[in-house]
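# Overview (structure and organization)
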Amino acid sequence: QKPGEKITLEVEKTNYDVLHRDLEVTDKLLEINPELIGINLNTKNKLESEEIISIRNAAPYDLRIKEIKLQGRFKNLIDMKQAQNWLDVSYKGMVIKSEDKAELSLKTFLTEDAQLLAGRADLEGELVIVVTNFGQDSLFKVPVKVAISLGSEEVDPSCLTITRSL
């Protein structure tokens, strides 16, 4: 069956009423929060960040994390090797039991190139999680927004600020 299809489950037993249930096939094996990961780094006082992502296995069976990676156009401002090493060592092969929740941390680190920035940088990418069971892989992508500031200003890249000029 494909996601969105409806199937009817019918259960019969002697001396009992017949049970009919309509079920919809879904591809939502994982529930991931937040739906957008915002990372705020600063060349003066916040050279690394740790963001917590909550995932829940919504499947009726266990899932194993086959692959997890941060990807995007980070212009050599994020240390991708260090971030990937953290993800691989911490989560590759991890099993999430059916209906269980797990918290993952995404660690990011500024590179030496980031120290040379002349102005603020806004970057975009995604956290890619591949889970597997029964020989089937399922891919999930979570958008990632990174804001690198130069001084003490606080920036939340996952928020949108609108100002009106008169």
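Residues numbered from 1 in each chain as written. Predicted model: local features only at pLDDT ≥ 70, side-chain atom pairs only at ≥ 80, totals over all residues. Heavy atoms only, no water.

So, on to the packing of aromatic side chains. We describe a pair of aromatic rings using the distance from one ring centre to the other and the angle between the two ring planes. What the rule picks out here adds up to 2 aromatic pairs. The interplanar angle of 70° and the centroid separation of 5.0 Å between the aromatic rings of Tyr 61 and Phe 134 together place this pair among those described as edge-to-face. With Tyr 61 in the loop between strand S5 (48-57) and strand S6 (63-73) and Phe 134 in the loop between strand S9 (121-133) and strand S10 (136-149), the pair connects residues that are 73 residues apart, well separated along the chain. On the basis of relative accessible area, Tyr 61 is assigned to the partly exposed category, the value being 27%. (Phe/Tyr/Trp six-rings, centres within 6.5 Å; stacked < 30°, edge-to-face > 60°. Helix = DSSP H or I, 4+ residues; strand = E, 2+ residues; numbered from the N terminus. Buried < 20%, exposed > 50% of the residue type's maximum accessible area, 1.4 Å probe, protein only.)

The next point concerns the sheet that holds strand S8 (residues 101-109). Note: strands within a sheet are paired through backbone hydrogen bonds, in either parallel or antiparallel orientation. With antiparallel pairing, 3 strands are arranged side by side in an open sheet as S3-S5-S8. Each of the sheet's edge strands pairs with one partner strand only, and the pair in question is strand S3 (30-33) and S8. Looking at each pair of strands side by side, their axes are set apart by 25° on average, direction ignored. (Pairing = 2+ DSSP bridges. Axes fitted to C-alpha atoms, helices over the stretch in contact; angles between N-to-C directions.)

In this structure, Leu 127, Val 146 and Ile 148 are the most contacted members of the largest nonpolar core, which totals 35 residues. When residues of this core are traced back to their parent elements, those giving at least two are S3, strand S4 (37-42), S5, S6, helix H1 (80-91), S8, S9 and S10. Those residues in contact with Leu 127, other than ones at most four positions away along the chain, are Ile 37, Ile 53, Ile 68, Lys 69, Leu 70, Leu 87, Leu 106, Phe 140, Lys 141, Val 142 and Val 144. (Core = buried A, V, L, I, M, F, W, Y, C linked by side-chain atoms within 4.5 Å. Contact = heavy atoms within 4.5 Å.)

This part takes up the environment of Ile 7. Locating Ile 7 in the fold gives a position in strand S1 (residues 6-11). In the structure, Ile 7 is positioned 15 residues away from Asp 22 in sequence and 5.8 Å away in space, judged by C-alpha atoms.

It is worth spelling out H1 at this point. Between its first and last C-alpha atoms H1 spans 16 Å; for 12 residues at 1.5 Å apiece the expected length is 16 Å, and the two agree. Taken together, the buried positions of H1 are occupied by Ala 83, Leu 87 and Tyr 91. Buried positions in H1, seen along its axis, are confined to an arc of 35° and lie on one side of it. In H1, the exposed residues that point more than 90 degrees away from the buried face are Lys 81 and Val 89. Two to three positions downstream of the cap, the backbone nitrogen of Lys 81 sits 3.3 Å from a side-chain oxygen, assigning the N-cap of H1 to Asp 79. (Expected span 1.5 Å × (residues − 1). Arc of directions from axis to C-beta. Polar contact = N/O pair within 3.5 Å; in protein donor to acceptor, adjacent residues only side chain to side chain.)

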